[in-house]
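This is what each chain is made of:
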Amino acid sequence: MKIAMKKYIFFLYLVLFPVFATVLLSSCSKEDEPDAAGIRLKMRNYDNGDTRLDNYIHITSANNFAGGEFVDVGKKKLSRMSSPVTEGRVSECAVVPGHGYWAYTYNCLRKFPSRKEAFQVGYSYYKIHVSSWIEGTGDGIIGAEVEYTKYTVDNTYEIPSSLTLPSSEAGASATFTLAADPKGDVEWEGDDTVKISISGKKITLTSTTEMRYTTWGYLRVKDTYCNIAIYR
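Just so we're clear, the structure is a prediction, and the values are computed from it rather than from any experiment.

## So, the sheet that holds strand E12 (residues 173–177)
- Read across the sheet, 3 strands follow the order E12-E15-E14 without closing on themselves; strand pairing throughout is antiparallel. At either margin of the open sheet sits one strand with a lone partner, and together these are E12 and strand E14 (194–199). Strand after strand, the sheet turns through a mean of 20° between neighbouring axes, direction not considered.
- The pairing of E12 with strand E15 (residues 202–207) spans 5 bridges and is antiparallel. What sits directly across from Ala 174, in E15, is Leu 205.

Put into structure tokens, the structure is as follows:
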């Protein structure tokens, strides 16, 4: 009986070991696979050339990312970073080879009074993977080689950047139509001189007092927003 059991266990080992080995090797090798979709860039730090990604994002003398807002998501390739991570943003964070980052230009994201966060139309954000350090001749680390993908926030709902009221009197209003129905998920953030009303795709902004000057405000439509100028 014992001999038969040992033979059975040995047989299971022979059958299952290749399966476990294949799964283990495939899971471990994912981080070593090249990311064909990313744009490669050799970013020298501030003291050694100050290479900039789109004129904003750069590496400081202390080898930190700066020039925007950043979220370090740990050891991840670009292909495994599917959705933007916005929580925990910092203005400067350490560059770590092998790590992935979500990077946002200043004012790309705004949190509204409802606590909902939105992306500003026309602004850019990036996912970045640090491939390796760049080492100088006798000078130690002088930067890092990265791969990145750039995204620009589309004006999907066709939010206008400005409106003109027909007069400066209190009660004057301007109406525009969005490209799609936001199902009421619209929010206005500005002073009390303007109020908003929503009817399907139609948005109306109305002055509550006499308007002598141009006023500004932020209009959020679902997960995007625009800074709108309202002229009298």
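There is more to say after this.
## Description of the confidence of the model for the chain
- Within the chain, residue pLDDT values average 87, and 84% of them lie at 70 or more.
- Note that pLDDT drops below 50 for residues 1–34; the model gives that stretch 9 contacts with residues more than four away or on any other chain.

## Observations regarding unusual backbone geometry
- At Glu 158, a residue that is not glycine, the phi angle is positive and equals roughly 55°.
- Here Glu 158 lies in the loop between strand E10 (141–152) and strand E11 (162–164).
- Positive phi values are uncommon outside glycine, yet Lys 222 reaches one of about 55°.
- Summarising the element assignment, Lys 222 is placed in the loop between strand E16 (215–221) and strand E17 (224–231).
- Owing to a relative accessible area of 30%, Lys 222 belongs among the partly exposed residues under this scheme.

## Details of the nonpolar core
- In this structure, Ile 159, Leu 178, Trp 188, Leu 219, Val 221, Ile 228 and Ile 230 are the most contacted members of the largest nonpolar core, which totals 20 residues.
- For this core, the elements supplying multiple residues, two or more each, are E12, strand E13 (186–190), E15, E16 and E17.
- Here the element with the most residues in this core is E17; it accounts for 3 residues.
- Not counting chain neighbours up to four residues away, the residues in contact with Ile 230 comprise Leu 163, Leu 165, Trp 188, Val 194, Leu 205, Met 211, Thr 214 and Thr 215.
- Within the second largest apolar cluster, 16 residues are counted, among which are Ile 57, Phe 70, Tyr 126 and Tyr 148.

Scoring rules and cut-offs
- Residues numbered from 1 in each chain as written.
- Predicted model: local features only at pLDDT ≥ 70, side-chain atom pairs only at ≥ 80, totals over all residues.
- Heavy atoms only, no water.
- Pairing = 2+ DSSP bridges.
- Helix = DSSP H or I, 4+ residues; strand = E, 2+ residues; numbered from the N terminus.
- Axes fitted to C-alpha atoms, helices over the stretch in contact; angles between N-to-C directions.
- pLDDT = per-residue confidence, 0-100.
- Contact = heavy atoms within 4.5 Å.
- Buried < 20%, exposed > 50% of the residue type's maximum accessible area, 1.4 Å probe, protein only.
- Core = buried A, V, L, I, M, F, W, Y, C linked by side-chain atoms within 4.5 Å.

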